[in-house]
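Below are the chains, spelled out letter by letter.
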Amino acid sequence: MVDLKNKIRALRSSFDEGLAQAGDKDSLKELRNTYLSRKKGRITLLLKELKNVSPTERPEVGKQVNEFKNYVAQKLEEYSKTLEEPRHIKFDMDLTLPGKRRYRGAPHPILLYKKRIEQIFLLMGFSIEDGPEIETDYYNFEALNFPPHHPARDDWDTLYLSDDLLLRTHTSPVQIRVMEKKKPPIRMINPGKVYRRETPDPTHIPMFYQVEGLVVDLGITFAHLKGTLECFLKALYNEKIKIRFRPSYFPFTEPSAEVDIGCTVCRGEDRQCRVCGGSGWIEILGAGMVDPQVLKNVNIDPEKYSGFAFGMGIDRTAMFSFRIPDLRNFYENDLRFIRQFS
Ligand code: FA5
């Protein structure tokens, strides 16, 4: 009896193997004949062998043979059904095409650069302040010492929204807003967008970013302004930069200066350079000591306190960091350009 049980087991695994290899109807038919043929089928032969089993064990062995027979019949039936189904599903797509890649958004290079500036000033103990892009004439001009009809107003081609409202031409109004709210010591920066009615060229665009800086405290001198800007610009440009201070004029600072850096595009070697005009220098910011009248306008005693302020073009500074010869590249939305920075 043990013999017959082993035989059933061996036959079952060779049947499973045969079934796994049967790839078409013909091989399935052959498998059926091998196991279930009435005369010489392997299961028919097993049944014939039953008569050699003792009568006491015969019912149990007979049951196992029958179960195996049903198993074979059922498997053959199931498998023949799957062969009837179409084996090759037709796709309407070309599976050899490359997959669709989803691009993840990334911050704009100017925003990344703005963050870098913020981090340097945060390390120097400055706070970050905010102010509105739609300003009143008072904050954009008057409180900064530009009375109505002052000729210095002409330096900024202003976009007016109404007689009194305008798109701020610089971030300097935030100096006033902060000094109205906080009393010295003040050490703040304000990065943000500003607007001017300008004809675009490689170094001028009508909407750009500035970062305003303001320090007001006891005993602040021009040396503090120079030291702070030199330290900041060296951190921003990794030391590799030439800096020069040039006398200038702003109604809200006295004395005033403009700060130039050595042209990073031509390195001062191209007389025809479209960026520096061949001078080898490019202006990146305006600065100066806060005019005493401005301190008076916000009720800070100029006899006691003094301060310095600066306003730097972020786009223009980024342009020179990345050695890009045209500011407009940042805003043309050419992804091939933008992606280089993410
Ligand atoms: C001002 O806007 C002053 N508010 C700066 C200031 C602040 C002076 C505090 C004193 C104290 P100016 O117009 O020069 O100054 O602009 C400052 C910087 O903004 C420039 O040096 C330049 O880097 C950038 N900038 C000016 N116009 C444009 C423009 N059209 N496109 C891109 N960047 C510009």
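Residues numbered from 1 in each chain as written. Predicted model: local features only at pLDDT ≥ 70, side-chain atom pairs only at ≥ 80, totals over all residues. Heavy atoms only, no water.

A.B. asks: Where do I start with the pairing of strand E7 (residues 253-262) in this structure?
C.D. replies: Walk down a regular strand and you will see the side chains alternate between the two sheet faces. Among the 10 residues of E7, eight are classified as buried, and the element is accordingly described as predominantly covered. By the bridge criterion, seven bridges tie strand E6 (residues 243-250) to E7 in an arrangement that is antiparallel. Each bridged residue has a counterpart across the sheet, and for Pro 247 the counterpart in E7 is Ala 257. The loop that links E6 with its antiparallel partner E7 comprises two residues. Strand direction decides the pairing type here: E7 and strand E8 (residues 281-290), joined by eight bridges, are antiparallel. (Buried < 20%, exposed > 50% of the residue type's maximum accessible area, 1.4 Å probe, protein only. Helix = DSSP H or I, 4+ residues; strand = E, 2+ residues; numbered from the N terminus. Pairing = 2+ DSSP bridges.)

A.B. asks: Teacher, can you tell me more about the domain arrangement of the protein chain here?
C.D. replies: By convention, interface size is frequently given as the accessible area that disappears when the constituent parts associate. Each assigned domain of the protein chain is listed here: domain 1 (2-84) and domain 2 (109-341). For domain 1 versus domain 2, the distance between C-alpha centres works out to 90 Å. (Domains from an automatic or database assignment.)

A.B. asks: Can you help me understand the packing of helix H5 (residues 109-123) against helix H8 (residues 222-236) in this one?
C.D. replies: When two helices pack together, you describe them by how their axes are tilted relative to each other and by the distance separating the axes. Interaxial distance between H5 and H8 falls to 10 Å at its minimum, and their mutual angle equals 135°. Looking at the two axes, H5 sits oblique to H8. Once H5 is placed against H8, the crossing between them reads as right-handed. Where H5 abuts H8, its residues Tyr 113, Arg 116, Ile 117, Ile 120 and Phe 121 lie against Thr 228, Phe 232, Ala 235 and Leu 236. For the contact of H5 with H8, a count of residues per class yields seven nonpolar, one polar and one charged. (Axes fitted to C-alpha atoms, helices over the stretch in contact; angles between N-to-C directions. Parallel < 35°, antiparallel > 145°, perpendicular 65-115°, else oblique. Left-handed = near helix turned anticlockwise from the far one by under 90°. Contact = heavy atoms within 4.5 Å. Nonpolar A, V, L, I, M, F, W, Y, C, P; charged D, E, K, R; others polar.)

A.B. asks: Would you mind going over a nonpolar patch on the surface with me for this structure?
C.D. replies: A cluster of nonpolar residues, Ile 134, Leu 161 and Leu 165, forms a patch on the protein surface that exposes about 260 Å² of accessible area. Its place among the elements puts Leu 161 in the loop between helix H6 (137-140) and strand E3 (165-167). (Patch = residues over 30% accessible without salt bridge, like charges linked within 9 Å, V, L, I, M, F, W, Y side chains within 5 Å. Areas by Shrake-Rupley, 256 points an atom, 1.4 Å probe, with all protein chains shown as cover. Salt bridge = Lys/Arg side-chain N within 4 Å of Asp/Glu carboxyl O.)

A.B. asks: When you look at the site of the ligand in this model, what are you seeing that I'm missing?
C.D. replies: Taken together, 27 residues are adjacent to the ligand, and His 170, Ser 172, Arg 196, Glu 283 and Ile 284 come closest. A distance of 3.2 Å separates an oxygen atom of the ligand from a polar atom in the backbone of Leu 285. At 3.3 Å, a backbone N or O of Gly 313 approaches an oxygen atom of the ligand. Against a free-state accessible area of 670 Å², the protein chains account for coverage of 96% of the ligand. (Near = heavy atom within 4 Å. Polar contact = N/O pair within 3.5 Å; in protein donor to acceptor, adjacent residues only side chain to side chain.)

A.B. asks: Teacher, can you tell me more about unusual backbone geometry here?
C.D. replies: Note: most peptide bonds trans; most residues except glycine with negative phi. With omega at 5°, the peptide bond leading from Pro 184 into Pro 185 counts as cis. In this fold, Pro 185 is placed in the loop between helix H7 (173-181) and strand E4 (186-195). Here the amide bond leading from Glu 254 into Pro 255 is cis, since omega sits at -5°, within 30 degrees of zero. Even without being a glycine, Arg 267 presents a positive backbone phi close to 55°. With a relative accessible area of 52%, Arg 267 lands in the exposed category.

A.B. asks: Would you take a moment to explain the sheet that holds strand E5 (residues 207-218) for this structure?
C.D. replies: The strands that make up a sheet pair up through hydrogen bonds in the backbone, lying either parallel or antiparallel. On the basis of which strands lie adjacent, the open sheet formed by seven strands has the order E1-E4-E5-E9-E8-E7-E6 and mixed pairing. Looking at the sheet topology across the chains shown, the edges are occupied by strand E1 (127-128) and E6. Contacting E4, E5, E7, E8 and strand E9 (305-313), helix H10 (residues 314-321) crosses the sheet at an angle of about 60° to E9.

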